[in-house]
Structures are given as structure tokens and as C-alpha cells.
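In case you want the letters, here they are:
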Amino acid sequence: MGLDMYAWSVDENDVISETKFNEESDKVEIFRWRKHHNLHGWMEKLYYDKNGEGEFNCVPVRLRVSDLVELQSAILAHSLPETNGFFFGNNPPDEDSDEQDLLFIAKALSEINRGRAVFYDSWW
């Protein structure tokens, strides 16, 4: 058990809201993380900023270009929020995770440029 995290690309027509897409859509996994708790904390704040409701577990949040730019700034400034949870592990960000996160951002921007929508999702 632990914090598993995913980024999905879906057709723009399958977007229902900033925190929901049609589950029957042809979603494509574009990235996966394991126990990257500080990134998860950043996504959780974004979820609630976008009026997400309830516990932030097994619920998606849409990532727009502006969100990805903000995330990139947080990664480069080493300012992802310290986040703890019983199943989250203890893997502080380092150069490798920063590099992977920046790779994710590039992939997500590429998907958006192709006219697709990108969502983050997690399960713990």
C-alpha cells in the first residue's frame, strides 16, 4: 500500500469540470509517480482551489497550462509543500524527482498542445 499517483490525458470533449472527466473516455496514462508526497500536497491544494470537495483520494484535478507553469516554478524554487500521510512514505524531493517532475510537465504541455486535457489522480 502507498501513495500511487497518475497523470491522464483525455479528449477535451470528455471534460466535465475541473475535477471530473467522463470515466468512459479513452484516457491515456502519461506519467506515474510513487509516494511523491510533496507533489501530491501541491496537487491537493490545487484540487481545493478548484472547488474540489471531500477527501483528496481517488479524485482527479485538471492541470491547465497556468497550473503547470506554477508547478514548474514551485519545483525549480524547491517550494513544494511538505506533505505527510500514513501511506505517503518519506521521499523528500531531490534532483532526480525534480528532473522527473519537469519531464512530466513537458509531456503534459505537449498533450495540451495536441488539444487534450490533462488530469492528475491518486490513490492511497
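For the structure, check the block above.
An account of the accompanying structure is given in this report. (Residues numbered from 1 in each chain as written. Predicted model: local features only at pLDDT ≥ 70, side-chain atom pairs only at ≥ 80, totals over all residues. Heavy atoms only, no water.)

Residue placement: S9 occurs in strand β1 (residues 4-11). Ignoring anything within four residues of it in the chain, the contact list for S9 reads D26, K27, V28, I30, E111, R116 and A117. (Helix = DSSP H or I, 4+ residues; strand = E, 2+ residues; numbered from the N terminus. Contact = heavy atoms within 4.5 Å.)

The next thing to look at is unusual backbone geometry. In this structure, K35 takes a positive phi of about 55° despite not being glycine. Following the sequence through the fold, K35 ends up in the loop between β4 (28-34) and α1 (37-49). Here the phi dihedral of N51 falls at roughly 70°; this positive angle occurs in a residue that is not glycine.

Take the environment of E29 next. With respect to the secondary-structure elements, E29 resides in strand β4. On the basis of relative accessible area, E29 is assigned to the partly exposed category, the value being 34%. Once the C-alpha coordinates of E29 and Y6 are considered, the two residues, 23 residues apart in sequence, prove to be 7.0 Å apart. Once residues within four sequence positions are removed from consideration, E29 is found in contact with Y6, A7 and W8. (Buried < 20%, exposed > 50% of the residue type's maximum accessible area, 1.4 Å probe, protein only.)

Glancing now at the sheet that holds β1. What the 4 strands build is an open sheet, ordered β4-β1-β6-β5; its pairing is antiparallel. Sheet topology places β4 and β5 (61-63) at the edges, where each strand pairs with a single neighbour. The sheet shows a mean angle of 25° between the axes of neighbouring strands, direction not considered. Where β5 lies against strand β6 (residues 116-123), 3 bridges are found, and the strand directions are antiparallel. Looking at β6, one finds that V61 is bridged to Y120. With respect to the sheet, α1 is in contact with β1, β4, β5 and β6, its orientation differing from that of β5 by roughly 100°. (Pairing = 2+ DSSP bridges. Axes fitted to C-alpha atoms, helices over the stretch in contact; angles between N-to-C directions.)

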